[in-house]
Amino acid sequence: MKYLKIGISVLVWLLLIWFLFKTLDRLPSWAEWAGYMSGPIIMAIGVFALCFLAATGLRAFRFGFLLRKVVVVPWKNILTDFPWLLMIGAVTPLRLGEGYRAVWVRKFGSHSLSVIALWIAERLIDLFMLVLILSVTIALNGAFEAGTRGIATGVIAALLLGYLLTCFFLKPLVRFVEARPHMTRLGEIGRALSVVNTLPNHAVMLSTSLAIWLFIGSGFTAIMSASAPVASPGLFGFASTALVNLAGIFSVMPGNVGGYQAVVVAASEPFGFPETSAFMASVILMSVALTITITLGLCALLIRRFILKADA
């Protein structure tokens, strides 16, 4: 299964790269880049950076909030360890570095399966949010045919119904697993998921996840608004947010290089966005996001190495 996943991811990434080169007639010239990097785009980069920082802070809070329900981890460790854990996931192929969370949590006396279950819960709620955002942007975009917008509306209804059903049936499923001591590993996962499924915890997770994607989508919209004069930069901003992060599931290259640009360019045509501007916007978005992620991760490692060690 591992090799099958790797093979599928590589194939999807190659298809995205093929699409990118087939779609773009040429790469932007230096003169186009010079014209693009004007005052409005510089201000938009600042807005996106602030939005991305806010979303990263919310991700750290969500991670710590859920983790502390299953294992005692000081907030000091969460705030200094999460940035470099996030960085490892961002710069490793296939995002394999995210799996290091399961190793990291052992030093606090927790079972690896607990943090894996919480990680799965985070990713599933993110997946739900991203597909919902993409469907909403398609349903609201008049450039799509009525049938396409109708399908998107149906997907929204199916997502909401499926979400409610999942929440309803999760509790009895967890109780079934916990009642069988021989299912040790499933029991660890069940206990972690039961924490997520309590109403107060679930409300915090859901609202935090929604805020994360609203911040990132707003940052994308700021870049798109400054990149080209189009009628609906907000719809394109949130659509490309969803597509970029959905494509990250098949992220073969560190930082989703190539795939990131391909999906933004792919979304440009139905939203009436110039392909060259979309490509330049995608390069800026990826560069700023990676710069912030790596900078925060390296700073966190330095704090752990010199400041916290000195305090000990």
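Relevant structure appears above.
Scoring rules and cut-offs
- Residues numbered from 1 in each chain as written.
- Predicted model: local features only at pLDDT ≥ 70, side-chain atom pairs only at ≥ 80, totals over all residues.
- Heavy atoms only, no water.
- Axes fitted to C-alpha atoms, helices over the stretch in contact; angles between N-to-C directions.
- Helix = DSSP H or I, 4+ residues; strand = E, 2+ residues; numbered from the N terminus.
- Left-handed = near helix turned anticlockwise from the far one by under 90°.
- Contact = heavy atoms within 4.5 Å.
- Nonpolar A, V, L, I, M, F, W, Y, C, P; charged D, E, K, R; others polar.
- Patch = residues over 30% accessible without salt bridge, like charges linked within 9 Å, V, L, I, M, F, W, Y side chains within 5 Å.
- Areas by Shrake-Rupley, 256 points an atom, 1.4 Å probe, with all protein chains shown as cover.
- Salt bridge = Lys/Arg side-chain N within 4 Å of Asp/Glu carboxyl O.
- Buried < 20%, exposed > 50% of the residue type's maximum accessible area, 1.4 Å probe, protein only.
- Parallel < 35°, antiparallel > 145°, perpendicular 65-115°, else oblique.
- Phe/Tyr/Trp six-rings, centres within 6.5 Å; stacked < 30°, edge-to-face > 60°.

Draft legend 1. Examining the packing of helix H10 (residues 233–247) against helix H11 (residues 259–268) more closely. The interhelical angle for the contact between H10 and H11, taken along N-to-C directions, is 145 degrees, at an axis separation of 9 Å. For H10 against H11, the interelement crossing comes out right-handed. Residues Phe236, Ser240, Leu243, Val244 and Ala247 of H10 pack against Tyr260, Val263, Val264, Ala267 and Ser268 of H11. Along the lines of polarity and charge, the residues of the contact of H10 with H11 split into eight nonpolar, two polar and no charged.

Draft legend 2. Molecular detail of a nonpolar patch on the surface. A cluster of nonpolar residues, Ile116, Ile120, Leu124, Leu127 and Ile249, forms a patch on the protein surface that exposes about 410 Å² of accessible area. Of note, leucine 127 is situated in helix H6 (residues 112–140). Residue leucine 127 is classed as partly exposed on the basis of its relative accessible area, which comes to 35%.

Draft legend 3. Fine view of the packing of helix H9 (residues 199–227) against H10. It is the contact of H9 with H10, at a shortest axis distance of 8 Å, that shows an interaxial angle of 120 degrees. With respect to each other, H9 and H10 are oriented oblique. With respect to the hand of their crossing, H9 and H10 are arranged in right-handed fashion. Of H10, the residues touching H9 (which contributes Trp213, Leu214, Ile216, Gly217, Ser218, Phe220, Thr221, Met224 and Ser225) are Pro233, Gly234, Phe236, Gly237, Phe238, Ser240, Thr241, Val244 and Asn245. Class assignment for the residues of the contact of H9 with H10 results in nine nonpolar, nine polar and no charged.

Draft legend 4. Structural view of the pattern of salt bridges. Inspection of every chain in the model, using the stated rule, returns seven salt bridges. Of the charged contacts in the structure, one is a salt bridge between arginine 101 and glutamate 122, with a shortest N-O distance of 3.9 Å. One end of the pair, arginine 101, is in helix H5 (residues 100–104); the other, glutamate 122, is in helix H6, and 21 residues separate them in sequence. We classify arginine 101 as buried; its relative accessible area is 4%. Here glutamate 122 falls in the buried class, since its relative accessible area comes to 3%. Three or more residues are tied together by salt bridges with common partners; here these are Arg62, Arg101, Glu122, Arg123 and Asp126.

Draft legend 5. Region of interest: the packing of aromatic side chains. Summed over all chains, the structure comprises 12 aromatic pairs. For the ring pair phenylalanine 63 and phenylalanine 82, a centre distance of 5.3 Å and an interplane angle of 35 degrees mean the geometry is tilted. Here phenylalanine 63 is found in helix H3 (residues 39–67), whereas its partner phenylalanine 82 is found in helix H4 (residues 75–91), with 19 residues between them in sequence. Residue phenylalanine 63 is classed as buried on the basis of its relative accessible area of 2%. Between the aromatic rings of phenylalanine 236 and phenylalanine 271, the centroid separation amounts to 5.9 Å while the plane-to-plane angle is 40 degrees, which identifies the pairing as tilted. Taken as a pair, phenylalanine 236 in helix H10 and phenylalanine 271 in the loop between H11 and helix H12 (275–311) lie far apart in primary sequence, 35 residues in all. Its relative accessible area of 8% is what places phenylalanine 271 among the buried residues. Here the aromatic residues Phe63, Phe82, Trp104 and Phe108 are joined through ring pairs into a cluster of three or more.

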